[in-house]
Amino acid sequence: MTDLSTSKPLPTITDLTRPFWSAAKNGRFVLQKCGRCATFNFHPKPWCIECGSRDLSWVDAKPFGTVYSHTVSRNVAMNSPEWQSEIPLLMCLIDLDDGARMYAQVTDCRPEDLHIGMRVEVHCVDISEDAGIPKFRPLVASAKAGAPDAA
Ligand SMILES: [Zn+2]
């Protein structure tokens, strides 16, 4: 799946955030993890949000979460007509299984089915030649790997 054919506005990628976008380009979902207290950080930061340590490294995160809150956009975002084909757009705050809260789009879901507490899983979408973005979609009930109490 790719967004390469569109000209949607791209995120500003810095040295601090590049690992996040590059990993998603390769289908991986990574977050900063603190080497001192094991907290997962999002957004990327120079120091841990919990203990202030600068001992942060990029690690593969569990690609699952739970919808904390959501909104449905029925208008074109940022006056970019490239978004029109995706309307209505489902934007959510996702509580990741690794603890961080993330702002992300939910796809493959009807607006009327979207709800707080819904279990979702990551899938990555290409947005440029060297960047991808993690999005989420409903977790099918048979996917035991995404159960909240899975080891
Ligand atoms: Zn820490």
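Please refer to the structure placed before this passage.
Analysis parameters
- Residues numbered from 1 in each chain as written.
- Predicted model: local features only at pLDDT ≥ 70, side-chain atom pairs only at ≥ 80, totals over all residues.
- Helix = DSSP H or I, 4+ residues; strand = E, 2+ residues; numbered from the N terminus.
- Buried ≥ 20, exposed ≤ 12 C-beta atoms within 10 Å, placed from the backbone.
- Contact = placed C-beta atoms within 7 Å.
- Core = buried A, V, L, I, M, F, W, Y, C linked by C-beta atoms within 7 Å.
- Pairing = 2+ DSSP bridges.

1. Some words on the overall build of the protein chain
In terms of regular secondary structure, the protein chain is built from one helix and eight strands. Reading the protein chain from its N end, one meets helices and strands in the order α-β-β-β-β-β-β-β-β. Taken over 151 residues, the protein chain has a buried fraction of 21%. Across the protein chain, contacts joining residues at least 24 apart in sequence account for 54% of those joining residues at least 6 apart.

2. Side note on the nonpolar core
Buried together is how nonpolar side chains tend to be arranged in soluble globular proteins. Core analysis: the biggest nonpolar cluster contains 18 residues, and A24, A61, C92, I94, V106, V120 and F136 have the highest contact counts within it. Elements that contribute at least two residues to this core include exactly α1 (18-25), β5 (89-96), β6 (101-106) and β7 (119-126). Discounting residues that sit within four places of it in the chain, A61 has contacts with F29, V30, L31, F40, L96 and D98.

3. Some thoughts on unusual backbone geometry
That bond from F42 to H43 is cis: its omega, 0°, falls within 30 degrees of zero. With respect to the secondary-structure elements, H43 resides in the loop between β2 (40-41) and β3 (56-60). Between I87 and the following residue, P88, the backbone shows a cis peptide bond with an omega angle of 0°. For P88, the position within the fold is in the loop between β4 (64-73) and β5. Phi angles above zero are rare outside glycine, and A38 is one such case at about 70°. We classify A38 as exposed; it has 12 C-beta atoms within 10 Å. Even without being glycine, D108 reaches a positive phi, approximately 55°. Within the element layout of this structure, D108 appears in the loop between β6 and β7.

4. Concerning the pairing of β7
Taken together, the three bridges between β4 and β7 define a ladder with antiparallel strand orientation. Each bridged residue has a counterpart across the sheet, and for T66 the counterpart in β7 is R119. Taking the residues that link successive antiparallel strands as the turn, the β7-strand β8 (residues 132-138) hairpin has five residues.

5. Overview of the sheet that holds β2
Reading across the sheet, the three strands line up as β2-β1-β3 and stay open at both edges, with antiparallel pairing between neighbours. The open sheet has two edge strands with one neighbour each: β2 and β3. Across five bridges, the pairing between strand β1 (residues 30-34) and β3 is antiparallel. Residue pairing in the sheet places L31 in a bridge with V59 of β3.

By themselves, these figures tell us nothing about what the structure is for.
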